[in-house]
Amino acid sequence: MKKYFLHNGTESSGPFDFEELKAKKITKASPVWFEGIENWKTAGEIPELRTIFVVIPPPIPTFSAVPPKPKLEKIEEEKEERKIFGLSKKTFFIVLAGLVLIIGITVLNTLEDNRSRELDLRNHKTEIENHQYDLQQKEKSEQEILVVEAEKAEAERISKERKQTVTNRILEIKNLLTTNSTNLESAKKKLEDTSSFKLLRSATEKNEQISLLQKEISDYNTEKDKLEKESEELKLELDKIK
């Protein structure tokens, strides 16, 4: 049903249907507008309204009134009002979602790059620490080898010195045994002579001389046994040193 708008010279009113418009007691000069016409018209210019005019004095002076905007223009304006930064809401939110997605991807990539750098730094640090540990272990092993070699050299030196000492002592014992053997034979001969010859001496003196010579012989024999035993022990030790 067609709807009409009226204007009293100051403001517009409406919309009204045909029956409501009758009650308004409009005249031929009453400004009227309805959807489908571009500008305001007087009621006398609209054929379907001629039956409802009332007689009034001459019309009011001409005025310039701004007709209400058509619905299509209002819709366009509402659309314009709904735009954000010159974009429709739908387009704006699509763009916004894209930006959020790009920012999110950028942040994730940045975080991943940071993690990768941190991991690389940790791996590099671990490699350095492992290399330092290997160097320390190598140095420790070299020091242990040097200690072992030094101990070996010291042991060889001591062994060599001991060998020389033992060898010298064996030679010394050999000389002592030679001397001991000579002294022993001399003492035995003296004992034999003392026992056989009758000299100007008493029996007591003779027995004392014999006793002294026997003791001397015994001491030589004891010394000989001792030296021979020591020589055997030293020879055994010398064999082990070799």
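This report concerns the structure included in the present document. Position numbers for residues count from 1 along each chain, tracking the sequence in the order it is written. At least 70 in pLDDT is required for a residue's local features to be given in this predicted model, at least 80 for side-chain atom pairs to be given and counted, and no such filter applies to totals for whole chains, interfaces and linings, which use all residues. Note: side-chain values were computed over all heavy atoms of the structure, leaving out hydrogens and water.

A word on the packing of helix 3 (residues 89-196) against helix 4 (residues 203-241)
Axis definition: a line fitted to C-alpha atoms, over the contacting stretch in the case of helices. Angles run 0 to 180 degrees between N-to-C directions. Helix and strand definitions here come from DSSP, where helices need a minimum of 4 consecutive H or I residues and strands a minimum of 2 consecutive E residues; each element is numbered from the N-terminal end. It is at 8 Å that the axes of helix 3 and helix 4 come closest, and there the two elements cross at 160°. Compared by their axis directions, helix 3 and helix 4 come out roughly antiparallel. For the pair helix 3 and helix 4, the sense of crossing is left-handed. In this count, Pro and Cys sit with the nonpolar residues alongside Ala, Val, Leu, Ile, Met, Phe, Trp and Tyr, while Asp, Glu, Lys and Arg are called charged and the others, Gly among them, polar. For the contact of helix 3 with helix 4, the residue count by class is 16 nonpolar, 10 polar and 13 charged. Roughly parallel refers to an angle under 35 degrees, roughly antiparallel to one over 145, roughly perpendicular to one between 65 and 115, and oblique to any angle outside these ranges. When the near helix sits turned anticlockwise from the far one by under a right angle, the crossing is termed left-handed; a clockwise turn instead gives a right-handed crossing.

Details of the packing of aromatic side chains
For this analysis, a ring pair means two rings from Phe, Tyr or Trp (six-membered ring only for Trp) whose centres lie within 6.5 Å, classed as stacked if their planes differ by under 30 degrees, edge-to-face if by over 60, and tilted for the remaining angles. Within the structure shown, the criterion is met by 3 aromatic pairs. Relative to F34, the ring of Y4 lies with its centre 5.6 Å away and its plane at 70°, an arrangement referred to as edge-to-face. Pair noted here: Y4 is in strand 1 (residues 4-7) and F34 is in strand 3 (residues 31-34), with a separation of 30 residues, a long-range link. Each member of the pair, Y4 together with F34, is buried. A ring pair is formed by F92 and F93, whose centres lie 5.5 Å apart and whose planes are at 70°; its orientation type is edge-to-face. Using a 1.4 Å probe on the protein chains alone, a residue whose accessible area is under 20% of its type maximum counts as buried, one over 50% counts as exposed, and one in between counts as partly exposed. Its relative accessible area of 46% is what places F93 among the partly exposed residues.

Here we look at the side chain of D17
With respect to the secondary-structure elements, D17 resides in the loop between strand 2 (12-16) and helix 1 (18-23). Lacking a salt bridge, the buried D17 has K3 as its closest oppositely charged neighbour, with an N-O distance of 4.3 Å. N or O atoms within 3.5 Å of each other form a polar contact, as long as, within protein, one can give a hydrogen and the other can take it, and as long as residues adjacent in sequence are counted only when both atoms are side-chain atoms. Within polar-contact distance, the side chain of D17 engages the backbone nitrogen of E20 at 2.8 Å. The charge count includes Lys and Arg as positive and Asp and Glu as negative, but it does not include His or the ends of the chains. Basic side-chain nitrogens of Lys or Arg form a salt bridge, by our definition, when they fall within 4 Å of a carboxyl oxygen of Asp or Glu.

Focus on the pattern of salt bridges
Taken as a whole and assessed by the stated rule, the structure comprises 8 salt bridges. Taking the shortest distance from any N to any O, the salt bridge between R157 and E154 comes out at 2.3 Å. Separated by 3 residues within a single helix, R157 and E154 lie in helix 3, roughly one turn from each other. For R157, a relative accessible area of 37% puts it in the partly exposed group. A salt bridge links D219 to K215; the shortest N-O distance between them is 3.3 Å. Taken as a pair, D219 and K215 lie in helix 4 at a separation of 4 residues, close to a single helical turn. Note on D219: relative accessible area 39%, which makes it partly exposed. Beyond isolated ion pairs, a larger network of salt bridges with shared partners links E154, R157 and E161.

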